[in-house]
Amino acid sequence: MKEPSCRVHINWENFRHNISVLMQKGHTLMPVIKADAYGHGVARAALELEKLGITWAAAGTLKEAALIRENGFSGHIVSLLCPVPEEEDVALALEKGLVPLIHSKEGLLAVKEAMQGRRQILDIAVKVDTGMGRLGFPLSAMEKVAGFLAGAENIRPVVQISHLSVADDPDEDAYTAGQCELFYSAAAIMHRSFPDMRCSLGNTAGLATLVTDSEDICRPGIALYGYDPLHGTEKEGICGNLLPVMEVSAPILSVHPLHKGESLGYGRTYKADSERLVGWVAIGYADGYRRNPAPGTCMCINGTRVPVIGRVAMQMTCVDLTELPAPPSPGDRAYVLGGPGNAVSAQEIADWWGTIPYEVTCLLGKNKTE
Ligand SMILES: *Cc1c(COP(=O)(O)O)cnc(C)c1O
């Protein structure tokens, strides 16, 4: 029996295309494939990066970093989401050659403790807080951090990292410039003890707007998956010609008329004011297809858009098929994201949901089966 559930298709050719577009900016890249590659599948993403000869990758947790290694990626793998590392975390990092991100005094002390008496060298990334107010050492702590690491022979800071908070907002360019200044001041301190340490500041927006040093290892995330963080600003499009990577479709369960005056769905929020043909599609909020989309939300059937009507249910959503040139049959597929024809983009869904494409692909990507 076929499962009446939604299907996620990942277009890896478009993923590769997006990377080649980003490479044209001239920076070394550390593609961000955290959170299961924003829902697209971290294992395959790791393999794709390896085939492209990419030498740095950024994961979320250390476990995810290990998965990237196990899937054949041979470069440096930075884990962006490190708690205070425990003995076993350090052991895993050493075994797999992972680069934990150390962002606090507690983290530094724990790593030193765990490295006591070991012969191997542990590569770490050092996080500086330049204005995100999230993780990292302030500039004022960097002398101490550098001194501490210089005294720890088997811990090597291979890259200094910070994160831009408003690089996607041209009105905030002065703040971004301030973050860059703090970052490179911190790097200057670190470079006195560690001249080979690399720097990594730019996210997609930072890479697109070229705000960082030319030597910066930029960490694009969202652009890999086809979306422009500068969408809706005067700088929209400067990432280049990105192509969407994720497609999500679901089977149509039922097609039937809705007569004038009849209503459908929970709350009877849709009432037919004329003869309608409606279809129920097997996707709902349990699949991450949000319950409260804005009016105007669409799906795509055989390349043509159809409006979502009524209330989105747990595993079903209704569409109005009346205007389709040829009505579909139960078993045909409706594309909620991507697909042939006048495809819906994650940016549009984000607008309908009051969010950003990042959340859309993370949510819908959880339906992957392979
Ligand atoms: C998620 C993330 C990125 C990628 O950001 P995009 O806006 O998707 O390019 C880069 N660096 C850090 C630390 C992140 O957490």
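Small disclaimer: the values here were computed from a predicted structure and weren't measured.

On to helix 7 (residues 142-150). All buried positions along helix 7 are accounted for by Met-142, Val-145, Ala-146 and Leu-149. Across the axial projection of helix 7, the buried residues extend over an arc of 95 degrees, all falling on one side. Those residues of helix 7 that are buried lie in contact with helix 6 (105-115), strand 5 (122-127), strand 6 (155-161) and helix 8 (173-193).

Here we take up the packing of aromatic side chains. Aromatic ring pairs are defined here through the distance separating the ring centres and the angle between the ring planes. Applying the stated criterion across every chain, the model contains six aromatic pairs. Measuring from ring centre to ring centre gives 5.1 Å for Trp-12 and Phe-15, while their planes differ by 80 degrees; the resulting arrangement is edge-to-face. Of this pair, Trp-12 and Phe-15 both sit in helix 1 (residues 12-23), three residues apart, which is roughly one turn of that helix. Aromatic side chains Tyr-289 and Trp-353 sit 5.8 Å apart centroid to centroid with 75 degrees between the ring planes, which places their arrangement in the edge-to-face category. Highlighted residues: Tyr-289 in the loop between strand 11 (276-281) and strand 12 (298-301) and Trp-353 in helix 10 (residues 346-353), separated in sequence by 64 residues. With respect to class, Tyr-289 is no different from Trp-353; both count as buried. One aromatic cluster is present, built from ring pairs that chain together Trp-12, Phe-15, Tyr-38, Tyr-225 and Tyr-358. Over the ring of Phe-148 we find Lys-112; its NZ or CZ atom is 4.9 Å from the centre of that ring.

Another aspect to go through is the sheet that holds strand 6. The six strands lie next to each other as 2-3-4-5-6-7, forming an open sheet whose pairing is parallel. Two strands in the sheet have a free side with no partner beyond their single neighbour: strand 2 (56-59) and strand 7 (198-200). Each neighbouring strand pair of the sheet contributes to a mean axis angle of 35 degrees, computed without reference to strand direction. Across two bridges, the pairing between strand 3 (residues 76-79) and strand 4 (residues 99-102) is parallel. Along strand 4, the bridge assignment pairs Ser-79 with Pro-100. Strands in contact with helix 7 are strand 5 and strand 6; relative to strand 5, the strand with the most contacts, it is inclined by about 175 degrees.

As a further point, take the site of the ligand. For the ligand, the set of nearby residues contains 14 residues, the closest of which are Lys-34, Tyr-38, Thr-204, Ile-222 and Tyr-358. The contact in question runs from an oxygen atom of the ligand to an N or O atom on the side chain of Thr-204, over 2.5 Å. One of the side-chain N or O atoms of Tyr-358 is found 2.7 Å from an oxygen atom in the ligand. Expressed as a share of its isolated accessible area of 390 Å², the protein-covered part of the ligand is 93%. The residue inventory of the shell around the ligand, partitioned by class, reads six nonpolar, four polar and four charged.

Glancing now at the UniProt feature "binding site: substrate" (unreviewed entry) in the protein chain. The positions UniProt marks with the feature "binding site: substrate" (unreviewed entry) are Arg-134 and Met-314. What stands out for the annotated residues spanning 181 residues is how far apart their C-alpha atoms range, the widest pair being 34.7 Å apart. For Arg-134, the contacting residues outside a window of four places in its chain are Asp-129 and His-163. Positionally, Met-314 belongs in the loop between strand 13 (304-309) and strand 14 (317-320).

Conventions adopted
- Every chain is numbered on its own, with residues counted from 1 as its sequence reads.
- Note on the predicted model: pLDDT of at least 70 is required for a residue's local features to be given, and 80 or more for side-chain atom pairs to be given and counted; whole-chain, interface and lining totals, by contrast, use all residues.
- Working from all heavy atoms in the structure, the side-chain values ignore hydrogens and water.
- Any residue under 20% of the maximum accessible area for its type is buried, any over 50% is exposed, and the rest in between are partly exposed; the area is computed with a 1.4 Å probe on protein chains only.
- Helical segments are the DSSP runs of H or I of at least four residues, strand segments are the runs of E of at least two, and each set is numbered from the N terminus.
- Directions are taken from the helix axis to each C-beta atom, and the arc is the one they span.
- Note on contacts: a residue pair is in contact if any heavy atoms of the two residues lie within 4.5 Å.
- For Phe, Tyr and Trp, rings pair up if their centres lie within 6.5 Å, where Trp contributes its six-membered ring, and each pair is then called stacked (planes under 30 degrees apart), edge-to-face (over 60) or tilted (otherwise).
- Each ring is checked for a lysine NZ or an arginine CZ that lies within 6 Å of its centre and within 35 degrees of its normal; such an atom marks a charge sitting over the ring.
- Any two strands are treated as partners once DSSP identifies two or more bridges connecting them.
- Only C-alpha atoms enter the line fits that serve as axes; for helices the fit covers just the stretch in contact. Angles between N-to-C directions range over 0 to 180 degrees.
- Residues are counted as near a molecule or strand when any one of their heavy atoms sits within 4 Å of it.
- Polar contact criterion, stated in full: a pair of N or O atoms within 3.5 Å, where within protein one must be able to donate a hydrogen and the other to accept it, and residues adjacent in sequence count only if both atoms are side-chain atoms.
- Throughout, the Shrake-Rupley method with a 1.4 Å probe supplies accessible areas, and for residues the shown protein chains are the sole cover considered.
- Following the grouping adopted for this structure description, the nonpolar residues are Ala, Val, Leu, Ile, Met, Phe, Trp, Tyr, Cys and Pro, the charged ones are Asp, Glu, Lys and Arg, and the polar ones are all others, Gly among them.
- UniProt positions are given in the numbering used here, feature names are shortened, and annotations may be inferred rather than shown by experiment.

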